[in-house]
Amino acid sequence: MMAVMSMQNPATGELLGSLQEATPEQVEHAMARARLAFPAWSTISLAERLNYLTRLRHYLVDHGEEIARKISEATGKVTLEAYMTEIFVTVDTIRFYEKHAYQMLADQPVPTSIVLWPKKSYIHYKPMGVVAVISPWNYPFQLAIIPVLSALVAGNTVILKPSEVTASTGLLLEEVFSAVSIPDGVVTVLHGGREAGQALVAARPDKIFFTGSVATGKKIMATASEHLIPVELELGGKDPMIVFEDAHLERAANGAVWGAFTNSGQVCMSVERLFVHEKVYPEFLKLVTEKTKALRQSYPNQAEVGSMTSSQQIGIVREHVSEALAAGATAVTGGLPSSESMYIAPTILTNVTTDMKIMREETFGPVLPIMTFATEEEAVRLANSSPYGLNASVWSADKTKADRVARQLDSGNVCINDVIISYANPHLPFGGVKQSGIGRYRGPSGLQAFTHSISVIHDPGKRKREFNWYPYTKDQELTFIGLTNLLYGKLQNVNRRTLGAIWREFKRLF
């Protein structure tokens, strides 16, 4: 029996329709179609593949406001955030590929050791096959479409399973690819929840790209390991923000408020731990509190903060805040979320301690816990005392100090005097360390991550043999000893006998 998902606007409760989940048989059929489409798609020119992206960019620009409105309906986020973070970031990434994909995917010549003369070496980037993309609900459009586009540019076909929490965005993605006439089987959108995701992994794609929770990421990796399927995991974060006493406090306060509460805090790179130097803590707390209280919470526009997207996530936020308050934390703004509403007021917590869940586990909601520190060493220790390592920010007017601290942080991405924005630069690789994930996407290395790097060494093929081929001779032995000393050791160890052996072996090559 085919399961049916209902689609609902979390901010208003309005039903948006229903959608049938893909069956295991449909997943197998999608995989067969993707494999059938792969040979043609992988062998057309890069220019032809990029032409589809250009058409997609034009379509998104022309229909951006309408698409943002539909994303807003699916997520409860305000329409400006939907446009900025889902539409703008996507078209900017497409433009990046249009300009730079040729260089990033071109054969890369590499040096060849002199002992291998006259061979030449290079790296060739070859498509992997069928890539499975399993995407999340917090940015359901761009966190789905950008890895899909990366895989397509590299020459792969793709099966995308969007989150069932924002199922209507999956339909929207289907419409977008249909509008630009992507060839049949090149991109398939599978609708469904956990069962559809499990069936997709079981169908043995050639690579799995997953964005979501650590728990689910571990399960996917365990299943994929049975068949040695490459896995890229973009997981959660508990991102620290360090504010030194010499920081521009007004800017840092504005950054903290936006970094903690944008998309209702449902960002893997949200500011989830704020460490402020004790000398400026009172002034900084005053600024942050004033700016937080000034935020407007509504839907779909004329506001800064919308609703939560996932009702399940509200339970996690409520648990973290409740535990912190019971253990002595103070809610300067906001407080314990209601279990009856999809809206959580932006909340600032003080008097928190490092053993509280609010400082240890990913909250993924509009809550900003603040602690003080006294020294640079303490700030680094506090920031690194987390199993996560996705993003971090350092705030200081001292460029040398900021850079020094940034290099000590256990984080895949670091911003200095800014938050979250590293993801917005498509030239930079993005990904985490520790439990925040495995692998990188975006940037040149991120595009090449959707390929097999094939090493090629090319000999002109005009000599009869190589130094190292049979039959082995005494001259060969002397040659390798002589070359080792000549290239890597002491020249005085190279004698006339050795040079003679090298010359005789050289003549044997032709």
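Along each chain, residues carry numbers from 1 onward, in the same order as the chain's sequence is written. In keeping with the model being predicted, local features are shown solely for residues with a pLDDT of at least 70 and side-chain atom pairs are shown and tallied solely at 80 or more, while totals for entire chains, interfaces and linings include all residues. Side-chain numbers come from the whole structure's heavy atoms, not from hydrogens or water.

## Comments concerning the packing of aromatic side chains
Inference 1: Ring pairs shown here join Phe, Tyr and Trp side chains whose ring centres sit within 6.5 Å, with only the six-membered ring taken for Trp; geometry is labelled stacked below 30 degrees between planes, edge-to-face above 60, and tilted in between. Evaluation of the coordinates by the stated rule reveals 10 aromatic pairs.
Inference 2: Judged by centre distance (6.2 Å) and plane angle (85 degrees), the rings of F430 and Y441 are edge-to-face. One end of the pair, F430, is in the loop between β17 (413-416) and β18 (433-434); the other, Y441, is in the loop between β19 (437-438) and α14 (443-448), and 11 residues separate them in sequence. Comparing F430 with Y441, the two get one shared label, buried.
Inference 3: Charges are assigned to positions over rings by a cutoff of 6 Å between ring centre and Lys NZ or Arg CZ, combined with an angular limit of 35 degrees from the ring normal. One cation-aromatic arrangement involves K207 over F450; the distance from NZ or CZ to the ring centre is 4.7 Å. By definition, any uninterrupted DSSP run of H or I lasting at least four residues is a helix, any uninterrupted run of E lasting at least two residues is a strand, and each is numbered from the N terminus. Relative accessibility decides the category of a residue: with a 1.4 Å probe and only protein chains considered, values under 20% of the type maximum give buried, values over 50% give exposed, and everything between is partly exposed.

## What to know about the packing of helix α2 (residues 46-75) against helix α5 (residues 167-179)
Packed helices, taken two at a time, are described by their axes: the angle between them and the distance between them.
Inference 1: Fitted lines through C-alpha atoms give the axes, limited to the stretch in contact for helices. The angle between two N-to-C directions lies from 0 to 180 degrees. Orientation of α2 relative to α5, taken along the N-to-C sense of each, is 165 degrees, at an axis distance of 11 Å. For the element pair α2 / α5, the angle class is roughly antiparallel. Seen along the crossing, α2 lies across α5 with a hand that is right-handed. The residues of α5 that touch α2, namely those facing L56, Y59, L60, I67, K70, I71 and A74, are S168, T169, L172, E175, V176, F177 and A179.
Inference 2: Under the scheme applied here, ten amino acids are nonpolar (Ala, Val, Leu, Ile, Met, Phe, Trp, Tyr, Cys and Pro), four are charged (Asp, Glu, Lys and Arg), and all others, including Gly, are polar. In the contact of α2 with α5, the residues fall into 10 nonpolar, two polar and two charged. Oblique is the label for any angle not under 35 degrees, not over 145, and not in the 65 to 115 range, which are roughly parallel, roughly antiparallel and roughly perpendicular in turn. Left-handed describes a crossing whose near helix is turned anticlockwise from the far helix by less than a right angle; the clockwise case is right-handed. Contacts are assigned to residue pairs that have any heavy atoms within 4.5 Å of one another.

## Looking at the state of the cysteines
Inference 1: Only a pair of cysteine sulfur atoms within 2.5 Å qualifies as a disulfide here. Under the criterion given, the structure shown has zero disulfides.
Inference 2: With no disulfide of its own, C415 lies closest to C268 among cysteine sulfurs, the gap being 12 Å.
Inference 3: On the accessibility criterion, C415 (5% relative accessible area) is buried.

## Description of the pairing of strand β5 (residues 130-134)
Inference 1: Along β5, five of the five residues are buried, which leaves the element largely enclosed by surrounding structure.
Inference 2: Seen with its strands pointing away from the viewer, a crossover is right-handed if its path from the first strand over the helix to the second goes clockwise. Read as a crossover between parallel neighbours, the route from β5 over helix α4 (residues 142-153) to strand β6 (residues 157-161) is right-handed.
Inference 3: A pair of strands is considered paired only if DSSP assigns at least 2 bridges between the two. Relative to strand β8 (residues 207-211), β5 runs parallel, the two sharing four bridges. Pairing of V133 across the sheet is with F209, part of β8.

## Points about the UniProt feature "domain: Aldehyde dehydrogenase" (unreviewed entry) in the chain
Inference 1: UniProt marks residues 6-453 with the feature "domain: Aldehyde dehydrogenase" (unreviewed entry), using the numbering shown here.
Inference 2: Secondary structure across residues 6-453 divides into 43% helix and 19% strand, with the first and last C-alpha atoms of the span separated by 43 Å. UniProt positions are given in the numbering used here, feature names are shortened, and annotations may be inferred rather than shown by experiment.

## Some points on the environment of R463
Inference 1: Considering the arrangement of structural elements, one finds R463 in the loop between β20 (451-458) and α15 (474-488).
Inference 2: The class of R463 is buried, set by a relative accessible area of 15%.
Inference 3: Through-space distance from the C-alpha of R463 to that of Y423 is 51 Å; in sequence the pair is 40 residues apart.
Inference 4: Each polar contact in these results corresponds to two N or O atoms within 3.5 Å; when the atoms are within protein, one needs to be able to donate a hydrogen and the other to accept it, and residues that are neighboring in sequence are counted only if both atoms are side-chain atoms. A distance of 3.0 Å separates a polar atom in the side chain of R463 from a polar atom in the side chain of D459.

## So, the sheet that holds strand β4 (residues 120-127)
Whether parallel or antiparallel, the strands of a sheet pair through hydrogen bonds between backbone atoms.
Inference 1: Pairing is antiparallel across the open sheet formed by three strands, whose spatial order is β3-β4-β20. The strands lining the two open edges of the sheet, one partner per strand, are β3 (108-110) and β20. The mean inter-strand angle of the sheet, taken between neighbouring strand axes irrespective of direction, is 30 degrees.
Inference 2: Direction of pairing for β3 relative to β4: antiparallel, over a ladder of three bridges. Counterpart to V110 in the pairing with β4 is S121.

## Looking at the sheet that holds β6
Inference 1: The strand order across the open sheet built from six strands is β7-β6-β5-β8-β9-β19, with neighbouring strands paired in mixed fashion. Only two strands of the sheet have a single neighbouring strand rather than two, namely β7 (187-189) and β19.
Inference 2: Against the sheet, helix α1 (residues 24-43) touches β5, β6 and β7, its axis set at about 150 degrees to β6.
Inference 3: Against the sheet, α4 makes contact with β5, β6, β7 and β8, and its axis sits at roughly 165 degrees relative to β6, the strand it touches most.

## Details of the domain arrangement of the chain
Accessible area lost upon the coming together of the parts serves often as the stated size of an interface.
Inference 1: Parsing the chain into structural domains produces domain 1 (25-236 + 442-454), domain 2 (239-425) and domain 3 (463-507).
Inference 2: What marks off one domain from the next here is an automatic or database domain assignment. Using only C-alpha atoms to locate each centre, domain 1 and domain 2 end up separated by 30 Å.
Inference 3: The partner domain 2 presents 25 residues to the 23 residues of domain 1 that form the contact.
Inference 4: Once two parts are put together, the accessible area they lose, assessed with a 1.4 Å probe and summed over both, is termed the buried area. For the pairing of domain 1 and domain 2, the buried interface totals around 1,900 Å² over both sides, and the portion due to carbon and sulfur atoms is 53%.
Inference 5: When the buried surface of domain 1 facing domain 2 is broken down by residue, V78, W137 and G236 rank first, second and third, together holding 29% of it.
Inference 6: Only one rule defines a salt bridge in this text: a Lys or Arg side-chain nitrogen within 4 Å of an Asp or Glu carboxyl oxygen. Taken together, the connections running from domain 1 to domain 2 amount to zero salt bridges.
Inference 7: Inspection of the region where domain 1 meets domain 2 yields nine residue pairs in polar contact (both at pLDDT 80 or more).
Inference 8: When residues of the side of domain 1 that touches domain 2 are traced back to their parent elements, those giving at least two are α2, α3 (79-105) and α4.
Inference 9: Considering only residue class, the side of domain 1 that touches domain 2 consists of 10 nonpolar, eight polar and five charged.

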